[in-house]
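Read off the chains here:
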Amino acid sequence: MNVQPGHYPILEAKQLWRTFSGKHSFFRRKQQGLHALQGVDLSVQAGEVLGVVGESGCGKSTLARLLVGLDRPSRGDVYFNNTPIHRPDSQHMLGMYDKENKYSLAKSLQYVFQDAVSALNPRKTVAMSLQEPMQYLLGLTRQRSEARLKQLMVQVKLPYELLQRYPHELSGGQAQRVGIARALAADPKVLVLDEPVSALDVSVQAQVLNVLLELKQTHKLTYVFISHDLSVVEKISQRVSVMYFGRVVEQGPVNDVFQQPCHPYTRLLLASIPRLDQSLDMSGMDSSTELPDPFNPPKGCAFAPRCSRAKPTCFQKQPTLSTMPGEQHTAACHFPHLS
Ligand SMILES: Nc1ncnc2c1ncn2[C@@H]1O[C@H](COP(=O)(O)OP(=O)(O)OP(=O)(O)O)[C@@H](O)[C@H]1O
Ligand SMILES: [Mg+2]
């Protein structure tokens with residue numbers, strides 16, 4: 001079946017919270033938690049690429065790990081094909097499945113790690129790393145997995161000779177393609193790619209992006225593509241979610257969000273990359289301020305201290321995502337830019 005983007009939501013996050021147990025304050029006895037995600041709602045349509053952007057520390061990797069079940073939310077849940085993957089009573093996300101289907105979720109949702117080289121076991125050759133998911137998740141025999149190994153190397157455009165190498169013997173681009181091949185080995189439906197090209201130089205970035213786009217076509221995949229590089233996200237995604245301090249502050253079709261950004265933070269992000277076709281008035285916007293303290297999140301909008309449009313309401317009341325002009329375009333701002 002040729003799945004069209006927007007056909008149905010294959011992966012959803014509903015009110016996803018993640019608080020890490022944190023530091024003991026000197027004055028307070030109670031341990032303060034680090035609020036990494038604060039009620040993220042997200043919907044990924046089958047066959048699309050959803051870009052997730054935001055500055056360092058805003059919670060992108062935390063979200064990615066929850067989406068594939070590598071970590072559990074403090075509240076809320078992730079739904080794969082309308083089925084919750086984290087149940088409060090299960091010790092592990094796979095606990096929800098009976099023995100027969102035990103690995104079906106791990107097969108369907110795969111993660112490409114932010115740091116490709118350290119995500120691979122340094123004591124295992126590329127071949128060994130790729131065979132693991134085939135044996136454990138697909139139950140392939142050694143012989144059958146060897147045939148599939150070669151197929152995977154062709155798909156990610158790597159020479160067979162690399163199969164016998166160890167991770168430290170690979171270049172960054174090669175390691176990233178091995179990471180993609182490993183994620184593909186179990187024949188998944190959704191790939192969550194955490195900054196897959198951020199550490200690569202521009203020409204290698206282009207090669208890896210082309211491989212990803214080709215694979216998406218041939219395998220009818222759905223991607224969640226996390227990056228802080230807006231130009232890459234603009235090239236590869238159909239829709240984009242902009243995150244700030246553990247929340248989604250704006251989302252919608254890439255063209256709407258990038259051409260007519262409504263949230264002041266999105267405008268700040270876009271203004272920070274040089275673009276010939278757009279000029280935005282960023283006067284009065286303080287781009288140097290850091291994110292608020294995640295141990296003590298502000299009551300109102302986390303962006304208010306950096307925002308020139310902020311009014312007293314912004315410091316008091318948390319804005320929620322509401323509809324902006326344009327189809328499926330939402331932003332969480334009390335005073336959005338509407339023109
Ligand atoms: N296991 C953990 N324990 C405690 N705090 C954590 C843990 N993982 C992440 N954090 C904190 O959660 C917040 C979000 O981190 P996260 O790695 O998700 O950010 P990010 O957006 O992926 O950043 P980057 O762009 O630098 O990769 C940060 O304040 C981070 O210090
Ligand atoms: Mg990260």
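Conventions adopted
- Residues numbered from 1 in each chain as written.
- Chains lettered and ligands numbered in written order.
- Predicted model: local features only at pLDDT ≥ 70, side-chain atom pairs only at ≥ 80, totals over all residues.
- Heavy atoms only, no water.
- UniProt positions renumbered as here; feature names shortened; annotations may be inferred.
- Core = buried A, V, L, I, M, F, W, Y, C linked by side-chain atoms within 4.5 Å.
- Buried < 20%, exposed > 50% of the residue type's maximum accessible area, 1.4 Å probe, protein only.
- Contact = heavy atoms within 4.5 Å.
- Helix = DSSP H or I, 4+ residues; strand = E, 2+ residues; numbered from the N terminus.
- Lys, Arg positive; Asp, Glu negative; His and termini not counted.
- Salt bridge = Lys/Arg side-chain N within 4 Å of Asp/Glu carboxyl O.
- Polar contact = N/O pair within 3.5 Å; in protein donor to acceptor, adjacent residues only side chain to side chain.
- Donors = N, O, S within 2.8 Å, 3.2 Å for Na, K, Ca; no water.
- Pairing = 2+ DSSP bridges.
- Expected span 1.5 Å × (residues − 1).
- Arc of directions from axis to C-beta.
- Near = heavy atom within 4 Å.
- Areas by Shrake-Rupley, 256 points an atom, 1.4 Å probe, with all protein chains shown as cover.
- Nonpolar A, V, L, I, M, F, W, Y, C, P; charged D, E, K, R; others polar.
- Phe/Tyr/Trp six-rings, centres within 6.5 Å; stacked < 30°, edge-to-face > 60°.

The protein chain has the name ABC transporter ATP-binding protein in an unreviewed UniProt entry, where Zooshikella ganghwensis is given as its organism. Per UniProt, the protein chain carries the Sequence similarities (unreviewed entry) text "Belongs to the ABC transporter superfamily."

Enquirer: Would you mind going over the nonpolar core with me for this structure?
Expert: In globular proteins that are soluble, nonpolar side chains generally tend to be buried together. The biggest cluster of nonpolar side chains holds 60 residues, and the ones touching the most others in it are Leu-130 and Phe-225. When near neighbours in sequence (up to four residues on either side) are disregarded, Leu-130 contacts Leu-149, Met-153, Leu-163, Val-178, Ala-181, Arg-182 and Ala-185. Counting residues in hydrophobic clusters, the runner-up holds 29 residues, among them Ile-10, Leu-11, Leu-37 and Ile-226.

Enquirer: Whenever I open this one, the side chain of Asp-194 confuses me. Can you help?
Expert: Looking at the secondary structure, you find Asp-194 in strand 7 (residues 190-194). Although Asp-194 lies buried, it forms no salt bridge, and the closest oppositely charged side chain, Arg-65, sits 5.6 Å away as judged by the N-O distance. A polar contact of 2.7 Å, which involves the side chain of Asp-194, links it to the side chain of Ser-61. Once you skip the residues sitting within four places of it in the chain, Asp-194 turns out to touch Ser-61, Ala-64, Tyr-111, Val-112, Phe-113, Gln-114 and Ile-226.

Enquirer: Looking at this structure, I do not really get the coordination of the magnesium ion (ligand 2). What am I missing?
Expert: Metal coordination angles have textbook ideals: 109.5 degrees for a tetrahedral set of four donors and 90 or 180 degrees for an octahedral set of six. For the magnesium ion (ligand 2), the full set of protein donor atoms is Ser-61 (OG) and Gln-114 (OE1), at a range of 2.0 to 2.4 Å. You can see Ser-61 sitting in helix 1 (residues 60-68) and its partner Gln-114 sitting in the loop between strand 6 (109-112) and helix 3 (116-119), a full 53 residues away along the chain. Taking relative accessible area as the criterion, Ser-61 reaches 17% and is therefore assigned buried.

Enquirer: Help me understand the pairing of strand 9 (residues 239-244) in this model?
Expert: The side chains of a regular strand alternate between both faces of the sheet. Extensive coverage of strand 9 is indicated by the burial of six of its six residues. Where burial is concerned, the two faces of strand 9 agree: the one with Arg-239, Ser-241 and Met-243 and the one with Val-240, Val-242 and Tyr-244 are both buried. Here four bridges tie strand 3 (residues 49-53) to strand 9, and the two strands are oriented parallel to one another. From the neighbouring strand, Leu-50 faces strand 9, where its bridge partner is Arg-239. Across six bridges, strand 9 lies against strand 10 (residues 247-253) in antiparallel orientation. By the bridge assignment, Val-242 is partnered in strand 10 with Glu-250. In sequence, strand 9 turns back onto strand 10 through a hairpin of two residues, with Phe-245 there showing a positive phi of about 50°.

Enquirer: Mind showing me how you'd approach helix 5 (residues 142-155) here?
Expert: For an α-helix the count is 3.6 residues per turn, leaving residues at separations of three or four pointing the same way. Between the first and last C-alpha of helix 5 there are 20 Å, a value that for 14 residues agrees with the 20 Å anticipated at 1.5 Å per step. Buried within helix 5 we find Ser-145, Arg-148, Leu-149, Leu-152 and Met-153. In a view along the axis of helix 5, the buried residues occupy a sector of 145°, so they form one face of it. Exposed positions of helix 5 whose direction lies more than 90 degrees from the buried face are Gln-143, Arg-144, Ala-147 and Val-154. Looking at the buried positions of helix 5, the neighbouring elements they touch are helix 4 (126-138) and helix 6 (172-184). Note on helix 5: the residue one or two positions beyond its end, Lys-157, has a positive phi of about 60°.

Enquirer: Just to check I follow, could you spell out the pattern of salt bridges for this structure?
Expert: Between side chains of opposite charge, pairing is possible as soon as their charged atoms come close. A complete count under the given rule lists six salt bridges for this structure. One salt bridge connects Arg-239 with Glu-48, and the closest N-O pair in it is separated by 2.8 Å. With Arg-239 in strand 9 and Glu-48 in the loop between strand 2 (31-45) and strand 3, the pair connects residues that are 191 residues apart, well separated along the chain. Judged by its relative accessible area of 2%, Glu-48 is buried. The partner of Lys-124 in a salt bridge is Glu-132, with the nearest N and O atoms 2.3 Å apart. When its relative accessible area of 23% is taken as the criterion, Glu-132 is described as partly exposed. A single salt-bridge network, built from bridges that share partners, covers Lys-124, Glu-132 and Arg-182.

Enquirer: Where do I start with the site of ligand 1 in this structure?
Expert: Near ligand 1 you find 14 residues, and of these Ser-56, Gly-57, Lys-60, Ser-61 and Thr-62 are the closest. Taking Ser-61, its side chain carries an N or O atom lying 2.9 Å from an oxygen atom of ligand 1. Coverage of ligand 1 by the protein amounts to 65% of the 640 Å² it exposes when considered alone. Broken down by secondary-structure element, the contributors of at least two residues to the shell around ligand 1 are strand 2 and helix 1. Partitioning the shell around ligand 1 into residue classes produces four nonpolar, six polar and four charged.

Enquirer: Explain the packing of aromatic side chains here, please?
Expert: For any pair of aromatic rings, the description consists of the separation of the ring centres together with the inter-plane angle of the planes. On inspection of all chains with the given rule, the structure shows four aromatic pairs. Here the aromatic rings of Tyr-244 and Phe-303 are separated by 5.3 Å at their centres, their planes lie at 90°, and the arrangement is edge-to-face. Highlighted residues: Tyr-244 in strand 9 and Phe-303 in the loop between helix 10 (264-271) and helix 11 (312-316), separated in sequence by 59 residues. Each member of the pair Tyr-244 and Phe-303 is classed as buried. With a centroid separation of 5.5 Å and 65° between ring planes, the pair formed by Tyr-265 and Phe-303 is classed as edge-to-face.

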